[in-house]
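# What the coordinates show
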Amino acid sequence: DVGQSYTFDAGGLQGYYRVYVWWGRGSQAAGAVNAAIVHAGKRSVQQLDQRQGAGQWNLLGVYGFESKQRAQVELSAAAGARFIADAVRFEYMGASQPPLAIRTLGLVLGQEGEDYSATLEAESGSPPYSWIVAQGQLAPGLNLEARSGRIRGKPEQSGSYAFELRVIDARGAVASEALRLDVL
């Protein structure tokens, strides 16, 4: 559906679910979208950019649901723009909250002297997250934005850079993952 707002209603779910949204490719209408996940008496809102991630499942996060309340994803156009609402997926993870985890298992290649950008993903835990490089280092010229989990900049030197990435959630839970960034 293309429009100003749309609500996907999954009824009464119980437990913890990964929640995804899908929008199609090739539409000029796509832009900034507010996604509100209604779960366990709460409403969590995030902003999406539909100019990216078309034609794939885009993770909104892991949320706990209670069967006595409706599980919903409400999508609405930000600042009067239009948006695309194709599908929402709820993937069951279990009755109890899964531990904080880093979903990013690899990074795209970098090119020396060229703009680089990659966004790290975590799931579960309690947002907001804080990201750090715990051991090792990023390529010179790249920086990790602690709040957004975005690595960006212009790599200044080719090579292979191994590091341990750590994410900490609002309650102090920690998850780590070893990653490597190759710069050509």
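Structure: see above.
Model, not experiment: these values are computed from the prediction. (Residues numbered from 1 in each chain as written. Predicted model: local features only at pLDDT ≥ 70, side-chain atom pairs only at ≥ 80, totals over all residues. Heavy atoms only, no water.)

The next point concerns the environment of Thr 7. Within the secondary structure, Thr 7 sits in strand 2 (residues 5-9). On the basis of relative accessible area, Thr 7 is assigned to the partly exposed category, the value being 39%. Sequence separation of Thr 7 and Trp 23 is 16 residues, and the distance between their C-alpha atoms is 14 Å. Thr 7 has contacts with Gln 72, Val 73 and Glu 74, leaving out every residue within four places of it along the chain. (Helix = DSSP H or I, 4+ residues; strand = E, 2+ residues; numbered from the N terminus. Buried < 20%, exposed > 50% of the residue type's maximum accessible area, 1.4 Å probe, protein only. Contact = heavy atoms within 4.5 Å.)

The strands making up a sheet associate through hydrogen bonds between their backbones, and the pairing can be parallel or antiparallel. Spatially, three strands are ordered 11-15-14 in an open sheet, and the strand pairing comes out antiparallel. Here the strands that pair on one side only, and so sit at the sheet edges, are strand 11 (116-119) and strand 14 (142-145). Direction aside, neighbouring strands of the sheet carry axes that sit 15° apart on average. Here strand 14 runs beside strand 15 (residues 150-153); their pairing, made up of four bridges, is antiparallel. Looking at the pairing, Leu 144 lines up with Ile 151 of strand 15. (Pairing = 2+ DSSP bridges. Axes fitted to C-alpha atoms, helices over the stretch in contact; angles between N-to-C directions.)

Before going further, it helps to examine the pattern of salt bridges. Summed over all chains, the structure comprises twelve salt bridges. Linking Glu 123 and Arg 103 is a salt bridge whose minimum nitrogen-to-oxygen distance equals 3.2 Å. Note that Glu 123 is positioned in strand 12 (residues 122-123) and Arg 103 in the loop between strand 10 (101-102) and strand 11, a separation of 20 residues in sequence. Of the residues examined, Arg 103 reaches a relative accessible area of 30% and is grouped as partly exposed. Glu 145 is the salt-bridge partner of Arg 152, the closest N and O atoms lying 2.5 Å from each other. Each of Arg 18, Arg 89, Glu 91, Arg 103, Glu 121 and Glu 123 takes part in a single network of salt bridges with overlapping partners. (Salt bridge = Lys/Arg side-chain N within 4 Å of Asp/Glu carboxyl O.)

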